[in-house]
Amino acid sequence: MPKEDCHMELKIFNTPELLAKHTANKIIEAITQKPNAVLCLATGHSPVLTYRHLVEEVKRSAIDFSSVHFVGLDEWVGVKTTNPGSCHYFLHQHLFTPLKIKPSNIHLFNGLEKPIEKQCAVMTETIKNMGGIDLMLVGLGKNGHIGFNEPGCDENLSAHVISLDKITLQGSRKYFHDDTPLEKGITLGIQSVLESNQVILVANGVKKAEIVKQTIEQPISMNIPATMLRKHKQSHMFVDAKAAKKLENQ
Ligand code: F6R
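The following refers to the structure shown. The shown structure was predicted, so the numbers you read here are calculated from the model rather than taken from an experiment.

Remarks on the overall build of the protein chain
(1) Moving on: Helix and strand counts for the protein chain stand at 7 helices and 10 strands.
(2) Moving on: Here the protein chain has a C-alpha radius of gyration of 17 Å; the compact-globule value for 250 residues is 18 Å, and the two agree.
(3) Moving on: Going through the 250 residues of the protein chain one by one, you find that 52% of them count as buried.
(4) Moving on: In the protein chain, 78% of the contacts between residues at least 6 apart in sequence involve partners at least 24 apart.
(5) Moving on: Summed over all atoms, the accessible surface of the protein chain reaches about 11700 Å², with 51% contributed by carbon and sulfur.

Structure (structure tokens):
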């Protein structure tokens, strides 16, 4: 990593399984330290195995999640919460239903609400009122986005609505069974990411190898939003061996 980066911890795991177990344990550690922690967890393919391990471990060890609050990281604008491609649906399916999270502890964006922008101030206020985000878990877009903070967007934003990048739109089809039209996203901003107490970025597989390399080796800038995590005092980047394949000093 370039010299200016003394903050981000990089960990490479031999398998996605080991990465997922470690990440799930980090979430459990945060809840153990602070039972009423505020979590902000990504959707998408990267964290699925982590959430499976988390649910298994929470059930096995009877970890109390009843006081944990969850805030949304992002959502596709115009997509119903009942659409299996929505972030809302994903989080209920993988986490909230199996963990029996109370609706009052769930604070997500709704892609259908109008005007969509109204939710930005509400979400920022909700997070503030709960004392901030304790742990944020993000995936890594092939274009370097985190949440829906696309390359070139403003680093000073908290929650905002954004036109999705071409690469994000191309990649989005894997989440949808139908041809749901997609154009914009609503997302917490880089400011919200940097204000979170702890941030974990996870990346798996050879498809992420190039952007993992750029995230670690390119200068910090909004051309690759994920590089901003290198400024964070408590950030971790957990990647599997395939995603780490292009790194120079493994
Ligand atoms: C999803 C999100 C996105 C994804 C990213 C990687 O809530 O915020 O930034 O994390 O696009 O997606 P996957 O994990 O499907 O490769």
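Some words on helix H3 (residues 87-96)
(1) Moving on: Buried residues of H3: Cys-87, Phe-90, Leu-91, Leu-95 and Phe-96, and no others. Viewed along the axis of H3, the buried residues span an arc of 150 degrees, placing them on a single side of the element.
(2) Moving on: At its buried positions, H3 is contacted by strand E2 (38-41), helix H2 (48-60), strand E3 (69-71), strand E4 (74-76) and strand E5 (106-107).

Brief notes about the site of the ligand
(1) Moving on: Around the ligand, the structure places 15 residues, and the nearest of them are Ser-46, Asp-74, His-145, Tyr-175 and Lys-208.
(2) Moving on: For the ligand, the protein covers 93% of the area, taking 410 Å² as the surface of the free molecule.
(3) Moving on: Because more than half of its atoms lie within 2 Å of the grid, the ligand is assigned to the largest pocket.
(4) Moving on: In terms of residue class, the shell around the ligand is built from 4 nonpolar, 8 polar and 3 charged.

Thresholds, definitions, all that
Residues numbered from 1 in each chain as written. Predicted model: local features only at pLDDT ≥ 70, side-chain atom pairs only at ≥ 80, totals over all residues. Heavy atoms only, no water. Helix = DSSP H or I, 4+ residues; strand = E, 2+ residues; numbered from the N terminus. Rg over C-alpha atoms; globule rule 2.2 N^0.38 Å. Buried < 20%, exposed > 50% of the residue type's maximum accessible area, 1.4 Å probe, protein only. Contact = heavy atoms within 4.5 Å. Areas by Shrake-Rupley, 256 points an atom, 1.4 Å probe, with all protein chains shown as cover. Arc of directions from axis to C-beta. Near = heavy atom within 4 Å. 1 Å grid on protein atoms, 1.4 Å probe; cavity = no way out; pocket = protein on both sides within 12 Å on 5 of 7 lines; lining within 4 Å. Sits in = over half its atoms within 2 Å of the grid points. Nonpolar A, V, L, I, M, F, W, Y, C, P; charged D, E, K, R; others polar.

This is a description of form; function is not addressed.
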